[in-house]
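# Inside the fold
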Amino acid sequence: MRTLNELIDIDGPAWPELSEELGAGAVPMEVLPADPALARASLLQLQVTARSYLGAMVLHCGGLLLDDGWLRVLGSPAADRSRGLPALAGANGFPTAFDPGWRPDAGLVVAYDALGGVFALNGARPADSGRPGGPGEMVYFAPDTLRWEALGAGHSAWLTWLLSGALDQFYADLRWPGWREEVAELNGDRGLSLHPPLWSAEGRRDVAATSRRAVPMAELLGIARETGRQFDGADPGFMGAV
């Protein structure tokens, strides 16, 4: 078990490199300020060093709002400047005080999108949680299929991929004319509920023709999880506490 100083005072911290990538990113973004106390407590509980992009995000960043809030990457936000975005610690149910025996066994939820998609970092035994991919691999819960998909990359490569402008292609079939203006009005803890839903043939056929309303992200995720259970008996499991 490493102390906080051992996690922070390391050679080659990742934040300077990551900060440069954020400044040169090809996607519109807002970088939220971090709460120092929350950041340090979260890093200690995670037991990752500031040499990793994950550690750098948790320690130095309150979160990222990409593409006017379409995608929300979690960090350690200052409460009064969070734009409603949950903290990584809160979304993953971190203990209120450091617990050396606690681990996010199902994996670590690291981002949400406005449609209820979830990005997570696999834990040590993803198959035990019904998730594809290997340990330490990023996976995505797709709101149009209600299934987890392996992304074939770790957290650092995934974050670099996000900043490269890849979101346009990744979400090409799930966006509609005017999506940016609709999403920009949402707080970080709310998403869009579509009718017909994305997982239906009607919803997939013409996303622009769906009706959309803003709902709490917790409601959006809860409906997706319950629908997945009912349709094929596959429970996607924990998707964060938001």
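Please refer to the structure placed before this passage.
Scope of this entry: the structure provided in the associated data block. (Residues numbered from 1 in each chain as written. Predicted model: local features only at pLDDT ≥ 70, side-chain atom pairs only at ≥ 80, totals over all residues. Heavy atoms only, no water.)

## A few points about the environment of Pro13
Along the chain, the position of Pro13 falls in the loop between α1 (4-8) and α2 (15-23). Along the primary structure Pro13 and Asn92 are separated by 79 residues, whereas in three dimensions their C-alpha atoms are 24 Å apart. In contact with Pro13, not counting residues within four places along its chain, are Ala50 and Arg51. (Helix = DSSP H or I, 4+ residues; strand = E, 2+ residues; numbered from the N terminus. Contact = heavy atoms within 4.5 Å.)

## Examining empty space enclosed by the protein
In the structure shown here, the tally under the stated rule is one cavity of 30 Å³ or more. Taken as a whole, the largest cavity holds about 40 Å³ of empty space. What lines the largest cavity is Leu65, Gly69, Arg72, Arg83, Leu186, Asn187 and Gly188. Taken together, the residues of the lining of the largest cavity break down into two nonpolar, three polar and two charged. (1 Å grid on protein atoms, 1.4 Å probe; cavity = no way out; pocket = protein on both sides within 12 Å on 5 of 7 lines; lining within 4 Å. Points joined across faces, edges and corners; volume = space filled by probe spheres on them. Nonpolar A, V, L, I, M, F, W, Y, C, P; charged D, E, K, R; others polar.)

## Concerning the sheet that holds strand β1 (residues 29-32)
In spatial order, the strands read β1-β2-β3-β4-β5-β6-β7; together these seven strands make up an open sheet with antiparallel pairing. One side of each edge strand has no neighbouring strand; the edge strands of this open sheet are β1 and β7 (147-150). Averaged over all pairs of adjacent strands, the angle between strand axes in this sheet comes to 20°, irrespective of strand direction. Across four bridges, the pairing between strand β4 (residues 108-113) and strand β5 (residues 118-121) is antiparallel. Considered in β5, the bridge of Ala111 is made with Phe119. This element, helix α6 (residues 155-163), spans β1, β2 (63-66), β3 (71-74), β4, β5 and β6 (138-142) of the sheet and lies at about 145° to β3. (Pairing = 2+ DSSP bridges. Axes fitted to C-alpha atoms, helices over the stretch in contact; angles between N-to-C directions.)

## Looking at the pairing of β7
Two strands pair when backbone bridges link them, and β6 and β7 are joined in this way by four bridges, in the antiparallel orientation. In the sheet register, Tyr140 faces β7, and the bridge partner there is Glu149. In this structure, the hairpin formed by β6 and β7 is closed by a connection of four residues, where Leu146 is found at a positive phi of approximately 60°.

## Observations regarding helix α3 (residues 36-46)
Taken together, the buried positions of α3 are Ala39, Ser42, Leu43, Leu44, Gln45 and Leu46. Where α3 is buried, its residues touch α1, α4 (53-60), α5 (88-91) and β4. Following α3 by one or two positions, Gln47 has its phi on the positive side, about 60°. (Buried < 20%, exposed > 50% of the residue type's maximum accessible area, 1.4 Å probe, protein only.)

## Some points on unusual backbone geometry
Of the consecutive residues His195 and Pro196, the connecting peptide bond is found in the cis state with omega at -5°. Take Pro196: it is sitting in the loop between β8 (190-195) and α9 (201-205). Here the phi dihedral of Gln47 falls at roughly 60°; this positive angle occurs in a residue that is not glycine. Tracing the backbone through its elements, the reader meets Gln47 in the loop between α3 and α4.

## Structural notes on the pattern of salt bridges
Taken as a whole, this structure holds eleven salt bridges when the rule is applied. In this structure, Asp128 and Arg125 form a salt bridge, with 3.2 Å as the shortest nitrogen-oxygen distance. This pair shows no difference in class: Asp128 is exposed, exactly as Arg125 is. A salt bridge links Asp235 to Arg225; the shortest N-O distance between them is 2.7 Å. Separated by ten residues along the polypeptide, Asp235 in the segment after α10 (217-232) and Arg225 in helix α10 bring together distant segments of the chain. With relative accessibility at 35%, the residue Asp235 sits in the partly exposed group. Residue class for Arg225 comes out partly exposed when judged on its relative accessible area of 26%. Put simply, Asp67, Asp68, Asp168, Arg175 and Arg180 are held in one network by salt bridges that share partners. (Salt bridge = Lys/Arg side-chain N within 4 Å of Asp/Glu carboxyl O.)

## Quick notes on the packing of aromatic side chains
Applying the stated criterion to the full structure yields twelve aromatic pairs. For the ring pair Trp70 and Trp179, a centre distance of 5.1 Å and an interplane angle of 75° mean the geometry is edge-to-face. Placement of the pair is Trp70 in the loop between β2 and β3 and Trp179 in helix α8 (residues 179-184), with a sequence separation of 109 residues. With centroids separated by 5.4 Å and ring planes inclined at 45°, the aromatic side chains of Phe119 and Trp158 adopt a geometry described as tilted. In this pair, Phe119 is assigned in strand β5 and Trp158 in helix α6, connecting sequence segments 39 residues apart. Residue Phe119 shares its accessibility class with Trp158, and that shared class is buried. (Phe/Tyr/Trp six-rings, centres within 6.5 Å; stacked < 30°, edge-to-face > 60°.)

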